[in-house]
Amino acid sequence: MSNDTLRIEDAVNETCPWSGKPIAADSLTLYRGEVVGFCNPGCRDKFAAAIDHFEKALAKRDVPLIAKEMD
């Protein structure tokens, strides 16, 4: 499922995890196979950057294979 086909009614949350405001249809993303909503694209992009940062940090460490398979 691409970000172009994400639907607000499929989101696992109703409020933005950063701001607490209601989520918006133009601010959805996939996380661990689920649709997650944010109040604006800036919050969505901040989330994506945080996830990317932590995934890169984990990849550099000697993390057991089972932990790396958790998506």
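Counting of residues starts from 1 at the beginning of each chain's written sequence and follows it residue by residue. Reporting of local features is limited, given that this is a predicted model, to residues whose pLDDT is at least 70; pairs of side-chain atoms are given and counted only at 80 or more, and all residues count toward the totals for whole chains, interfaces and linings. Note: side-chain values were computed over all heavy atoms of the structure, leaving out hydrogens and water.

## Remarks on helix H1 (residues 41-60)
Stage number 1. Secondary structure elements follow DSSP: runs of H or I no shorter than four residues count as helices, runs of E no shorter than two count as strands, and numbering proceeds from the N terminus. Here the expected span of a helix is defined as 1.5 Å times the quantity of residues minus one. With 20 residues, H1 ought to run about 28 Å at 1.5 Å a step, and its terminal C-alpha atoms sit 29 Å apart, in line with that.
Stage number 2. When H1 is considered as a whole, its buried residues turn out to be Cys-43, Arg-44 and Phe-47. Taken down its axis, H1 places every buried residue within 100° of arc, on the same side. Of the exposed residues in H1, those oriented more than 90 degrees away from the buried face are His-53, Ala-59 and Lys-60. For every residue, the accessible area (1.4 Å probe, protein chains only) is compared with the maximum for its type, and the residue is labelled buried under 20%, exposed over 50%, or partly exposed between those bounds. Here the arc refers to the set of directions running from the helix axis out to each C-beta atom.

## Re the packing of aromatic side chains
Stage number 1. Note on ring pairs: Phe, Tyr and Trp rings are taken, using the six-membered ring of Trp, and paired if centres are within 6.5 Å. Classes follow the plane angle, with under 30 degrees stacked, over 60 edge-to-face and the rest tilted. Within the structure shown, the criterion is met by two aromatic pairs.
Stage number 2. Measuring from ring centre to ring centre gives 5.3 Å for Tyr-31 and Phe-47, while their planes differ by 80°; the resulting arrangement is edge-to-face. Highlighted residues: Tyr-31 in strand S1 (residues 28-31) and Phe-47 in helix H1, separated in sequence by 16 residues.
Stage number 3. Given the relative accessible area of 16%, Phe-47 is considered buried.
Stage number 4. Grouped by ring-pair contacts, the aromatic residues Tyr-31, Phe-38 and Phe-47 constitute a single cluster.
Stage number 5. Over a ring means this: the NZ of a Lys or the CZ of an Arg is within 6 Å of the ring centre and within 35 degrees of the ring normal. For the cation-ring pair, Lys-46 lies above Trp-18, with the distance from its terminal atom to the ring centre recorded as 4.4 Å.

## Focus on the pairing of strand S2 (residues 34-37)
Stage number 1. When S1 meets S2, the two strands line up antiparallel, connected through four bridges. Among the inter-strand pairings, Leu-30 is bridged to a residue of S2, identified as Val-35.
Stage number 2. When DSSP locates at least two bridges between a pair of strands, those strands are taken to pair. Hairpin connection from S1 to S2: two residues lie between these consecutive antiparallel strands, with Arg-32 at a positive phi of about 55°.

## Some words on the confidence of the model for the chain
Stage number 1. Confidence in the prediction for the chain averages 87 pLDDT; 80% of positions are at 70 or higher.
Stage number 2. Scored between 0 and 100, pLDDT is the confidence that the predictor attaches to each residue. Across the chain, element-level confidence peaks in S2 with a mean pLDDT of 98 and bottoms out in helix H2 (residues 65-68) with 57.

## Some details on the side chain of Ser-27
Stage number 1. Examined against the element boundaries, Ser-27 turns out to sit in the segment before S1.
Stage number 2. Take Ser-27: its relative accessible area is 0%, and that puts it in the buried class.
Stage number 3. Whenever a nitrogen or oxygen atom comes within 3.5 Å of another N or O atom, the pair is scored as a polar contact, on the condition that within protein one atom can donate a hydrogen and the other can accept it, and that pairs from neighbouring residues in sequence are kept only if both atoms are in side chains. Of the polar contacts made by the side chain of Ser-27, one reaches the side chain of Asp-26; its length is 2.9 Å.
Stage number 4. Contacts between residues were defined by any pair of non-hydrogen atoms, one from each residue, lying within 4.5 Å. Setting aside residues up to four positions removed in sequence, Ser-27 forms contacts with Val-36, Gly-37, Phe-38, Cys-39, Asn-40, Pro-41 and Arg-44.

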